[in-house]
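Residue strings, one per chain:
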Amino acid sequence: MKKPIYLGVILALLSTSTFLANAQDKIIRVGFNPGPYKEQFEKGVAPYLIKKGYQVEYKDFSDGIQINDAVARGNIEANIMQHPVYLKSVNERLGIENTGIVQVPTPPMGLYSEKIKQLEKPTEGTTVSVPNQASNEYRAALVLQSLGWIKIDPKSDPATFSQRNITENPYKIVLKEMDNAQQVRALPDVDYGLIQGNFAVSNGIKLASALKLEDPTSNFINVVTVSGKNKDAQFSKDIIDGYHSAEFKQYIASNAQYSGYLLPDYLK
């Protein structure tokens, strides 16, 4: 008489463990740095995922290294904060294999100033703040080159770029390397700041106020990043579908705050 009872208990435990495993599979933990990507995901993609039975958890990070390490270690399932060039450099630095699975609307880097209201030929010794990360300093240099202020070696590698790759600097422009977040605070102390879009908009700076925005390039459109082993996981496929959904397209199109963003092909 006891065997059926024991069997029933075992089956109940197995059923419970299966339920808990399935429930755990339906939790997506997503990491963010300061910027617009958390709001994009929360309002434009998460509703789609929730309808599919997922529970979404949001994690905030202050830098690009820890947030990628968290993905690689499985502490979070995904992050949304970086473009492929930066992702590649972090992978090489940490010896990990994170990968981008879908592009997201990205505010471009812009040239801003609190001292100068109209773009003009720079005076000798003009100071410009630039990000202290190689790939993003490269982006800044491209903007300055597009203005005719400097020239860079066409063979420059964005992942290892430094000021040594500047071949001509006729106006003797001083490039001050700074942490991204510091650039906004330091804007009154320099003539210009070449600031990444996410840090500009998260600090209330409008893209329309930029004296110059970077030229669109797919290399610098940000991506949703997951661990390489999870690139074909079901949750990855569902995140991609969420960004490609009619709901997300409607969300982006109906919010003027995304005007001027670099857009993935699926939104054009």
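Residues numbered from 1 in each chain as written. Predicted model: local features only at pLDDT ≥ 70, side-chain atom pairs only at ≥ 80, totals over all residues. Heavy atoms only, no water.

Judged by nonpolar contacts, the single largest core of 42 residues is most densely connected at Phe41, Ile80, Val224, Ile239 and Tyr243. At six residues, the largest contribution of residues to this core is made by helix H2 (residues 37-51). The residues contacting valine 224, other than those within four sequence positions of it, are Ala78, Asn79, Ile80, Thr99, Gly100, Ile101, Val102, Val104, Ile239 and Tyr243. By size, the runner-up hydrophobic cluster in this structure holds 22 residues, among which are Val130, Val143, Ile173 and Leu194. (Core = buried A, V, L, I, M, F, W, Y, C linked by side-chain atoms within 4.5 Å. Buried < 20%, exposed > 50% of the residue type's maximum accessible area, 1.4 Å probe, protein only. Helix = DSSP H or I, 4+ residues; strand = E, 2+ residues; numbered from the N terminus. Contact = heavy atoms within 4.5 Å.)

This next bit is on the layout of surface pockets. A water-sized probe rolled over the atoms picks out the places where empty space is left. Of the voids in this model, the largest pocket is the one considered here, and its volume is about 420 Å³. Contributing to the lining of the largest pocket are 30 residues, with Gly64, Tyr86, Gln133, Asn136 and Asn180 lying nearest its centre. Elements with a minimum of two residues in the lining of the largest pocket: helix H3 (64-73), strand E3 (78-82), helix H4 (84-94), helix H5 (134-146), helix H6 (180-186) and helix H7 (197-202). Partitioned by chemical class, the residues of the lining of the largest pocket number eleven nonpolar, 15 polar and four charged. (1 Å grid on protein atoms, 1.4 Å probe; cavity = no way out; pocket = protein on both sides within 12 Å on 5 of 7 lines; lining within 4 Å. Points joined across faces, edges and corners; volume = space filled by probe spheres on them. Nonpolar A, V, L, I, M, F, W, Y, C, P; charged D, E, K, R; others polar.)

Along its 13 residues, H5 runs 18 Å from first to last C-alpha, staying within 8% of the 18 Å computed at 1.5 Å per residue. What H5 keeps buried is the set Ser135, Asn136, Glu137, Tyr138, Arg139, Ala140, Ala141, Val143 and Leu144. Packed against the buried residues of H5 are H4, strand E6 (127-131), strand E7 (151-152), strand E9 (174-178), strand E10 (192-195) and strand E11 (212-213). Residue glycine 148 follows H5 closely and has a positive phi angle near 80°. (Expected span 1.5 Å × (residues − 1).)

Quick look at the sheet that holds E10 now. The mixed open sheet is built from five strands, whose spatial order is E9-E6-E10-E5-E11. Of all strands in the sheet, those bounded by a partner on one side alone are E9 and E11. Here strand E5 (residues 110-112) runs beside E10; their pairing, made up of three bridges, is antiparallel. Across the sheet, leucine 111 pairs through a bridge with leucine 194, a residue of E10. Helix-sheet contacts for H5 involve E6, E9, E10 and E11, and the interaxial angle to E6 is about 140°. (Pairing = 2+ DSSP bridges. Axes fitted to C-alpha atoms, helices over the stretch in contact; angles between N-to-C directions.)

For the rest of this paragraph, the subject is the sheet that holds E3. One key point about sheets: their strands pair by backbone hydrogen bonds, in either a parallel or an antiparallel sense. Spatial strand order, E2-E1-E3-E12-E4: five strands in an open sheet with mixed pairing. Only two strands of the sheet have a single partner each, and these edge strands are strand E2 (55-60) and strand E4 (98-103). Taking each pair of neighbouring strands and ignoring which way they run, the sheet shows an average axis angle of 30°. Lying over the sheet, H2 contacts strand E1 (27-32), E2 and E3, oriented at roughly 170° with respect to E2.

Another point: the packing of aromatic side chains. Tallied over the entire structure, the rule returns eleven aromatic pairs. Both rings, one in tyrosine 243 and one in phenylalanine 248, keep their centres 4.9 Å apart while their planes meet at 75°; by these two values the pair is edge-to-face. Phenylalanine 248 matches tyrosine 243 in its accessibility class, with the two residues each being buried. When the centroid spacing of 6.5 Å and the interplanar angle of 35° are considered together, the rings of phenylalanine 248 and tyrosine 251 count as tilted. Within this pair, phenylalanine 248 and its partner tyrosine 251 are both found in helix H9 (residues 246-253), separated by three residues, close to a single helical turn. Residue phenylalanine 248 is classed as buried on the basis of its relative accessible area of 0%. Since its relative accessible area comes to 9%, tyrosine 251 is described here as buried. Three or more aromatic residues link up through ring pairs in this structure, and these residues are Phe32, Phe41, Tyr58, Tyr243, Phe248, Tyr251, Tyr258 and Tyr261. The positively charged end of lysine 26 is found above the aromatic ring belonging to tyrosine 54, 4.3 Å away from the centroid. (Phe/Tyr/Trp six-rings, centres within 6.5 Å; stacked < 30°, edge-to-face > 60°. Lys NZ or Arg CZ within 6 Å of the ring centre and 35° of its normal.)

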